[in-house]
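One-letter residues, chain by chain:
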Amino acid sequence: MKDKSKFIDLDVSIRYVENEEGPTLAYSETSGVSILKQEGLFFKDLNQDGKLDKYEDWRLPPEERARDLASKLSVEEIAGLMLHSSHQIIPSVSGNFFGATTYGGKSYEESGAKPWDLTDQQLAYLKKNYIRHMLIMMVDSPETAARWNNRLQAVAEGEGFGIPVNNSSDPRHGFDMSAEFNAGAGSAAQVSRWPETLGLAATFDPNLMRKFGEIAAKEYRALGMTTALSPQIDIATDPRWFRFSGTFGEDPRLSTDMGRAYVDGFQTSEGKNEWADGWGRDSVNAMVKHWPGGGSGEGGRDAHFACGKYAVYPGNNFAEHLKPFLDGAFKLEGKTGQASAIMPYYTISYNQDQKNGENVGNAYNSYLITDLLREQYGYDGVVCTDWLITEDGGEQQDAIMTGKSWGVEHLSVEERIYKLIMAGVDQFGGNTELRPVLEAYQIGVEEHGEAFMRARFEQSAVRLLINIFRVGLFENPYLKSEESRQTVSCPEFLQAGYEAQQKSVVLLKNKGQVLPIPERKKVYIPKRRLPAGVNWFGAPTPEKLEYPIDLDVVSNYFDVTDRPDEADFGLVFIETPDSGIGYSREDLEKGGNGYVPISLQYKPYTAEFARERSIAGDPGGNDDRSYQGKTVATRNSQDLEAVLETRERMRGKPVIVSLLQSKPTIVAELEAAADVIITHFGVEDSVIMELLRGVFEPSGLLPFQMPMDIKTVEEQLEDVAHDLECHVDSENHVYDFGFGLNWSGVIRDSRTEKYKIYPRSLN
């Protein structure tokens, strides 16, 4: 045995063993695992039986190793593999939203625990419930991430067959940490900063997208994460959708190309880091979402909420929503071939079950999962549900952190799990209880017999284990904290992310060639006012009146004044209108059905053009979800007032508007008051300043249409892309998909040619 090194990580002693022609092995001396030597090669004796089992033999293909191990596991151990934990915060401080945790029976603050210590609950996950998939939400540093991972893996290695933990993460490289679906963003793990997904789409550059995936995967691996709960490749065909910002926009072809590049970047290892078939030490499993597409929620509502449980297809366009999966994530350019996992969305794809006629949540629908995904399209990777779908909930139509068992609310938890298993699902997101899975197994035994259910469980176990074998965790699940620190957010990665931010900004308007402003001038920036409200958790948020940008950053480029009469130009920062989720308890209390419009304009909106009757509805219940004639106000209506007031105060001097978009915005109310409109999807303050100064030339293109008015929004079909009448500005430019300006005018280049974009101008 060649002992390469011995790395001591406090109480976890890790020993490394090098194979001259094969992987370097790592094991904890605290786990009881030893090393076997055979034919001059070294192997880990993970089940500590003194002989080399097939699953311990790294020379064999992952599929063969997985089948061998699955056949040895008990039903309880397989059930544990089928659980994917709730959000883990490291360290688990008191008062976090995801439940009380303890360290030796005490709170983190009282216990004296180190940030990287395991909670009592995490230990129980490993030892009692056999959980081997953990979702990491926040972690306070790369060093903490590495040390926590090592403790986690050392415990797992010493249990049963020594199955390592496949840690996962939601997107964590963007700027918006307030969104559930971007829960890791802004965490102190200090990863490189990139535009939000829409911003990456605005580059119209799949090569850049792949580069992001390659860098993000290296940072994930350095933090102990081997599954990415991304990308979100739904085509966002309804402009009002709550989750529009997490997509690559509305265009099926762009979404297909960007999704393919994303998965290739995350999953592919190359050169000396590749082991076999594109998998290796840089690889991260990609769990694409959300099958079969969640971008057509009725009225733009989202299925995180009971009020938004239905996806509708008034344009009979269901098949187009499959393209990013079938032609993108399932047809990779790299050797890994296809995304290793997939997540169905919460939605009920209304009246799309061509076999059984069921209107149930997508993961529960055997036609969508088995007949369509598995059999017709041949996908045999992991299918993992979205979080909380087996739990009770839905009594409050606007509650987000409750169960989302849409269409199967009448079933018990174990009956829901059984239905998921029989539909073709392998794993249950956010579930940590073993008992309901075992009870679901017994339901199956009573209906089909022991042999059938054992085979069905092994089928899922093989799929889940393959993804752990592929990324090399059985050979070495451990990290060196110093290497993690050096990898995460290294200068090269930071620079790549910053350059991507620059490429993601879209210049919509530049009247009179106000930009660039190469010399140092005086700028007036009004404060941004937001009223008190609630966040996505439902917790109250205070009223705010504050500068929307770091003035210290601005002062590096311009002189800041609070007197408009002294300024050379005004700079106003605004965001997409926010009118809520399309449901109002106040409307319900007044005798309405609770459903209200979702607006994309800043002024109050009355739904004059909405449908008289909804498409979808609950059988036997209130099946009309129409909001025709109802009025909704926008939380950030002051954004519009700020633009108009700045126009007046500047008395003819230029007004520049910086618009942060999470979805398409109706700009007709403010566009005439702006000389320049810059739109972006999450960038650092300095990027905006450098654009104004002309440090770089804008090159971003709109990844969606910008609607002319709210009437065209109401009259478009939820499942159809590119069906809006677009805004035409004072310069006669049409804000259509693929539109953008550079210093010379409307951009026409290889990207617009590739995606058959013909930027329109009425000049």
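If you're wondering where the values come from, they're calculated on a predicted model, not measured in any experiment.

Asks: What should I look at first to understand the nonpolar core in this one?
Replies: Nonpolar side chains in soluble globular proteins tend to end up buried together. Of all hydrophobic cores here, the largest spans 201 residues; its most connected members are Trp291, Phe457, Leu465, Leu515, Ile656, Ile678 and Met689. Ranked by residue count, the leading element in this core is helix α13 (residues 450-470), at nine residues. Excluding residues within four positions of it along the chain, Phe457 makes contact with Val75, Ile78, Ala79, Met82, Ile421, Val437 and Tyr441. In this structure, Ala607, Tyr627, Ile666 and Ile710 belong to the second largest nonpolar core, which totals 10 residues.

Asks: I would appreciate a short explanation of the environment of His722 in the present structure.
Replies: Here His722 lies in the loop between α20 (710-715) and β31 (741-742). His722 gets classed as partly exposed once you look at its relative accessible area, which sits at 32%. C-alpha of His722 to C-alpha of Glu439: the two residues are 283 residues apart in sequence and 47 Å apart in space. The residues touching His722, leaving out its near neighbours within four places in the chain, are Glu250, Asp251, Gln705 and Phe737. Only 2.7 Å separates the side chain of His722 from the side chain of Asp251, close enough to count as a polar contact.

Asks: For this particular structure, what's the right way to read the pairing of strand β26 (residues 569-575)?
Replies: Along any regular strand the residues' side chains alternate between the sheet's two faces. Here β26 lies mainly inside the structure; six of its seven residues are buried. With two bridges joining them, strand β20 (residues 522-524) and β26 adopt parallel strand pairing. When the bridges of β26 are listed, Tyr524 appears paired with Gly570. Sheet analysis places β26 next to strand β29 (residues 655-660), joined by six bridges and oriented parallel. Opposite Gly570, over in β29, you have Val655 as the bridge partner.

Asks: Please clarify how the packing of aromatic side chains should be interpreted in this entry.
Replies: To describe a pair of aromatic rings, one takes the distance between the centres and the angle between the planes. According to the stated counting rule, one finds 29 aromatic pairs in the structure shown. An angle of 80 degrees between the planes, with centres 5.7 Å apart, marks the rings of Phe204 and Tyr755 as edge-to-face. Note that Phe204 is positioned in the loop between α6 (197-202) and α7 (206-222) and Tyr755 in the segment after α21 (750-754), a separation of 551 residues in sequence. Of the residues examined, Tyr755 reaches a relative accessible area of 7% and is grouped as buried. On the numbers, 4.8 Å between centres and 15 degrees between planes, the contact of Phe330 with Tyr379 is stacked. Of this pair, Phe330 sits in the loop between α9 (323-329) and β15 (341-344) while Tyr379 sits in the loop between α10 (366-376) and β17 (382-383), and the two are 49 residues apart along the sequence.

Asks: I'm lost on unusual backbone geometry in this one. Help?
Replies: Residue Pro231 is reached from Ser230 by a cis peptide bond, and omega for that bond is 10 degrees. When you line up the elements, Pro231 lands in the loop between β10 (227-228) and α8 (252-267). With an omega of 10 degrees, the peptide bond between Lys289 and His290 qualifies as cis. Along the polypeptide, His290 turns up in strand β13 (residues 285-291). Not every positive phi belongs to a glycine, and Gln513 is a case in point at roughly 50 degrees. Topologically, Gln513 is positioned in the loop between β19 (506-510) and β20.

Asks: I tried to follow helix α5 (residues 142-157) on my own but got confused; where do I start?
Replies: Along an α-helix, residues three or four apart share an orientation, since each turn contains 3.6 residues. With 16 residues, α5 ought to run about 22 Å at 1.5 Å a step, and its terminal C-alpha atoms sit 22 Å apart, in line with that. Of all 16 residues in α5, 13 are buried, a share of seventy percent or more.

Asks: Where do I start with α7 in this structure?
Replies: Between its first and last C-alpha, α7 extends 24 Å over 17 residues, near the 24 Å set by a 1.5 Å rise per residue. Within α7, 13 of the 17 residues are buried, which leaves it mostly tucked inside the rest of the structure. The backbone nitrogen of Asn207 lies 3.0 Å from a side-chain oxygen of the residue at the head of α7, namely Asp205. Just downstream of α7, Gly224 is the residue with a positive phi angle, here 85 degrees.

Asks: Help me out: how do you make sense of the pairing of strand β30 (residues 676-680) in this one?
Replies: With five of its five residues buried, β30 lies for the most part within the structure. Where burial is concerned, the two faces of β30 agree: the one with Val676, Ile678 and His680 and the one with Ile677 and Thr679 are both buried. In this structure, β19 lies alongside β30, joined through four bridges in antiparallel fashion. Residue pairing for β30: Val506 is matched across the bridge by Thr679. In the sheet, β29 pairs with β30 via five bridges, with the strands oriented parallel.

Asks: In this structure, what is going on with the packing of helix α12 (residues 435-448) against α13? I would like to understand it.
Replies: Angle between the axes and distance between the axes: these two values describe a pair of packed helices. Axis separation between α12 and α13 bottoms out at 7 Å; the angle between their running directions is 135 degrees. By the angle between their directions, the pair α12 and α13 is classed as oblique. In the packing of α12 onto α13, the handedness of the crossing is right-handed. On α13, the residues that touch Val437, Ala440, Tyr441, Gly444, Val445 and His448 of α12 are Glu450, Phe452, Met453, Arg454 and Phe457. In terms of residue class, the contact of α12 with α13 is built from seven nonpolar, two polar and two charged.

What counts, and where the lines are drawn
Residues numbered from 1 in each chain as written. Predicted model: local features only at pLDDT ≥ 70, side-chain atom pairs only at ≥ 80, totals over all residues. Heavy atoms only, no water. Core = buried A, V, L, I, M, F, W, Y, C linked by side-chain atoms within 4.5 Å. Buried < 20%, exposed > 50% of the residue type's maximum accessible area, 1.4 Å probe, protein only. Helix = DSSP H or I, 4+ residues; strand = E, 2+ residues; numbered from the N terminus. Contact = heavy atoms within 4.5 Å. Polar contact = N/O pair within 3.5 Å; in protein donor to acceptor, adjacent residues only side chain to side chain. Pairing = 2+ DSSP bridges. Phe/Tyr/Trp six-rings, centres within 6.5 Å; stacked < 30°, edge-to-face > 60°. Expected span 1.5 Å × (residues − 1). Axes fitted to C-alpha atoms, helices over the stretch in contact; angles between N-to-C directions. Parallel < 35°, antiparallel > 145°, perpendicular 65-115°, else oblique. Left-handed = near helix turned anticlockwise from the far one by under 90°. Nonpolar A, V, L, I, M, F, W, Y, C, P; charged D, E, K, R; others polar.

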